Amino acid sequence: MPEPKHFKNYIGGQWVESATGERYENRNPANTDDLIGTFCKSDARDVDAAVAAAAEAFKTWRLVPAPERGLMIMKASQILARRKEEVSQMMTREMGKVIAETRGDTQEAIDCGYYAAGEGRRLFGKHTPVEMPNKFGVAIRRPVGVCGMITPWNFPIAIPSWKMFPALIAGNTCVIKPATLTPASVANFMEVFEEAGFPPGVVNMVTGGGSVVGKAMVEHPGINRISFTGSVEIGNLLGSQCATAGKPFSAELGGKNGQIVMDDANLELAVEGALWGAFGTTGQRCTATSRLILHEKIHDEFMGMLLDRAKKLTVGNGLDEKNQVGPTVSEDQMKTDLYYIDVAKNEDKSKLVFGGKRLTGGDYDKGYFVEPTIFTEVTPKMRLAQEEVFGPVLAVLKVSSFEEAIEVLNDTEFGLSSSIYTENVNLAFKAIRDIEAGITYVNGPTIGAEVHLPFGGVKGTGNGHREAGWTVLDFYTEWKSVYVEYSGKLQRAQIDNK
Ligand code: NAP
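The sections below set out a description of the structure shown in this document.

What counts, and where the lines are drawn
- Residues numbered from 1 in each chain as written.
- Predicted model: local features only at pLDDT ≥ 70, side-chain atom pairs only at ≥ 80, totals over all residues.
- Heavy atoms only, no water.
- Near = heavy atom within 4 Å.
- Polar contact = N/O pair within 3.5 Å; in protein donor to acceptor, adjacent residues only side chain to side chain.
- Nonpolar A, V, L, I, M, F, W, Y, C, P; charged D, E, K, R; others polar.
- Helix = DSSP H or I, 4+ residues; strand = E, 2+ residues; numbered from the N terminus.
- Contact = heavy atoms within 4.5 Å.
- Core = buried A, V, L, I, M, F, W, Y, C linked by side-chain atoms within 4.5 Å.
- Buried < 20%, exposed > 50% of the residue type's maximum accessible area, 1.4 Å probe, protein only.
- Domains from an automatic or database assignment.
- Expected span 1.5 Å × (residues − 1).
- Pairing = 2+ DSSP bridges.
- Lys, Arg positive; Asp, Glu negative; His and termini not counted.
- Salt bridge = Lys/Arg side-chain N within 4 Å of Asp/Glu carboxyl O.
- Axes fitted to C-alpha atoms, helices over the stretch in contact; angles between N-to-C directions.
- Phe/Tyr/Trp six-rings, centres within 6.5 Å; stacked < 30°, edge-to-face > 60°.
- Lys NZ or Arg CZ within 6 Å of the ring centre and 35° of its normal.

## Let's talk about the site of the ligand
Line of reasoning, step 1. In the neighbourhood of the ligand, 31 residues make up the surrounding shell, with T151, T180, S231, L253 and E388 lying closest.
Line of reasoning, step 2. A distance of 3.0 Å is found between an oxygen atom of the ligand and a side-chain nitrogen or oxygen belonging to K177.
Line of reasoning, step 3. Separating an oxygen atom of the ligand from a side-chain N or O atom of S231 is a distance of 2.6 Å.
Line of reasoning, step 4. Looking at the shell around the ligand residue by residue, the classes come out as 15 nonpolar, twelve polar and four charged.

So this is what it looks like as structure tokens:
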């Protein structure tokens, strides 16, 4: 096992200890003997220092031409690409997901940087004719200042990159608080910015607990925007705090994503999609497939095929390339998964047909492993069909028509991702039209978003903002309308003229 590292906060271009002097441990959820390192248990004083550094840096960073900022972001992505394997290995150690997936997480951050770098030559404003002669009108984007990022553990570098790269290209500076469970990936990200030559204070990281560091960020008058990804409970709390402070807030919250399989679907393809969507990342993706909605005509055949494939899944330490499913991220998350399994076992008539237990014995005893688990005969109002588990637990519901499938899929407080497998183009388009979700896949699983398309959800999943794509720039910029007179005289606007 590699030697544990002593990580510090990154503030104003320096690696510094926290004001508290206290530290916490970060251990591998696949093997708790593996200590990745210790991290600063920071408090509001560290947030103050980071915000001061970011505010100072903003004075000059906003004036760096956007294409030049883009070149620096490009360089950061190239450094991350060079360090991809090392960063991914550490990510698997701290978060648990299998190495093929942490490579994907790092790749997403790299791609996000490339995309943001390109935006440095776009950041389009809008010109429009005006009502008066010899007068010019244009709307331009302006940066908003210091932005705060509060991130979850399930995409330890991809989600920070979704937030930071667009904020930076728009001319803002950043203070990020990573999830307590996955700070090493963000520390690696800071090293990348440092090596790429970002000026001191443009990016800052403060580690520590959400209720201390995160709270201080939300309350800090020097932070102008908070971008949050995490649970509904914390998201709603921060949303109300930001509203009181008059601070724009972007929330990406939970999901209860459904995959519909119609009676005309390519079943091989749909089984493969369901397996990957439900058990990839040990079910710990906000877009994970947690509900499988099967047409009754193919239900039994599909379940036979799915169970055959599920039996072959290999669960274990994510650093071993042969494993397909890693541990849950923590003891708490494992307990949540087991709690929901218990709830479902006792609920109504749902039937446990696969898995359902903690994996024990041998190396499993050192980590937090839960068997991939499948319940059939779940009905739409059961807790397993309504509440986010965030683990490898799949609820299967049976429907008798397309209309019922859409109704069941929409019957949740969330609306992040969704999928339909059908060979019928008319049904596919009706699904695209009628599913209440921010993302719909046709003949693909509920996971697999790309960085250049808007990402986010409707209903309880979010608050209307979108990450990724060009749309994220609306959160990190403010529009200014500019009027330029070149008539040499006072021209009253139309309201004063008529
Ligand atoms: P979480 O418990 O809500 O934590 C998210 C972040 O908020 C962490 O950095 C956490 O810090 C911080 N935090 C906790 N309490 C806080 C407080 N009082 N004030 C300010 N910050 C606070 O969520 P999680 O368990 O890390 O992530 C899982 C959840 O994220 C799931 O619900 C999942 O669906 C959602 N998610 C959504 C998306 C999406 O795009 N829609 C993507 C990924 C994940 P600590 O780590 O120190 O507690």
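## Concerning the side chain of D105
Line of reasoning, step 1. Tracing the sequence through the fold places D105 in helix 4 (residues 99-119).
Line of reasoning, step 2. Among the polar contacts listed, one links the side chain of D105 to the side chain of K97, at a separation of 2.7 Å.
Line of reasoning, step 3. Ignoring any residue separated from it by four or fewer positions in sequence, one finds D105 in contact with M91, K97, N154, F155, P156, I157 and A158.

## With respect to the nonpolar core
Line of reasoning, step 1. Ranked by internal contacts, the top residues of the largest apolar core, which has 62 residues, are M164, L168, M190, F193 and F198.
Line of reasoning, step 2. Taken together, domain 1 (5-253 + 462-481) and domain 2 (257-442) each give at least three residues to this core, which thus spans both.
Line of reasoning, step 3. When near neighbours in sequence (up to four residues on either side) are disregarded, L168 contacts W61, R69, I73, C174, F193, F198, V202 and V203.

## Points about helix 9 (residues 267-279)
Line of reasoning, step 1. Spanning 13 residues, helix 9 covers 18 Å between terminal C-alpha atoms, matching the ideal 18 Å at 1.5 Å per step.
Line of reasoning, step 2. The inward-facing, buried residues of helix 9 contact strand 13 (257-261), strand 14 (289-295), helix 10 (299-311), strand 16 (373-376), strand 17 (393-399) and strand 18 (417-421).
Line of reasoning, step 3. With its phi angle positive at about 55°, T281 sits one or two positions after the end of helix 9.

## Brief notes about the sheet that holds strand 4 (residues 23-28)
Line of reasoning, step 1. With respect to topology, three strands assemble into an open sheet ordered 1-5-4, the strand pairing being mixed. The open sheet is flanked by strand 1 (5-6) and strand 4, the only strands paired with a single partner.
Line of reasoning, step 2. Where strand 1 lies against strand 5 (residues 31-40), two bridges are found, and the strand directions are parallel. By the bridge assignment for strand 5, K5 is matched with G37.

## Topic: unusual backbone geometry
Outside of glycine, negative phi angles account for most residues, and trans bonds account for most peptide bonds.
Line of reasoning, step 1. A positive phi is found at T282, a non-glycine position, where the angle reads about 55°.
Line of reasoning, step 2. With respect to the helices and strands, the residue T282 is situated in the loop between helix 9 and strand 14.
Line of reasoning, step 3. Residue T282 is classed as buried on the basis of its relative accessible area, which comes to 1%.
Line of reasoning, step 4. Despite not being glycine, E377 has its phi angle at roughly 55°, a positive value.
Line of reasoning, step 5. Its place among the elements puts E377 in the loop between strand 16 and helix 12 (383-386).
Line of reasoning, step 6. Of the residues examined, E377 reaches a relative accessible area of 33% and is grouped as partly exposed.

## Digging into the side chain of E108
Line of reasoning, step 1. By the element assignment, E108 lies in helix 4.
Line of reasoning, step 2. Lacking a salt bridge, the buried E108 has R285 as its closest oppositely charged neighbour, with an N-O distance of 6.5 Å.
Line of reasoning, step 3. Ignoring any residue separated from it by four or fewer positions in sequence, one finds E108 in contact with A158, S161, W162, A449 and V451.

## A short note on the environment of I406
Line of reasoning, step 1. Mapped onto the fold, I406 is located in helix 13 (residues 402-410).
Line of reasoning, step 2. Measuring from C-alpha to C-alpha, the distance between I406 and D434 comes to 7.3 Å, with 28 residues separating the pair along the chain.
Line of reasoning, step 3. With residues near it in sequence (within four places) discarded, I406 still touches I260, A431, D434 and I435.

## Some thoughts on the sheet that holds strand 7 (residues 135-143)
Within a sheet, neighbouring strands are paired by backbone hydrogen bonds and run either parallel or antiparallel to one another.
Line of reasoning, step 1. Here three strands make up an open sheet; going across it, the order is 6-7-20 and the pairing antiparallel. A strand with exactly one partner marks an edge of an open sheet, and here the two such strands are strand 6 (126-128) and strand 20 (477-485). Pairs of neighbouring strands in the sheet enclose a mean axial angle of 20°, with direction left out of account.

## Considering the packing of aromatic side chains
Line of reasoning, step 1. Under the criterion given, the structure shown has 14 aromatic pairs.
Line of reasoning, step 2. With a centroid separation of 4.6 Å and 50° between ring planes, the pair formed by F189 and F193 is classed as tilted. Of this pair, F189 and F193 both sit in helix 6 (residues 183-196), four residues apart, which is roughly one turn of that helix.
Line of reasoning, step 3. Note on F189: relative accessible area 0%, which makes it buried.
Line of reasoning, step 4. Members of the aromatic cluster, connected to one another through ring pairs, are W61, F165, F189, F193 and F198.
Line of reasoning, step 5. Of note, K97 hangs over the ring of F155, and the distance from its end group to the ring centre comes to 3.8 Å.

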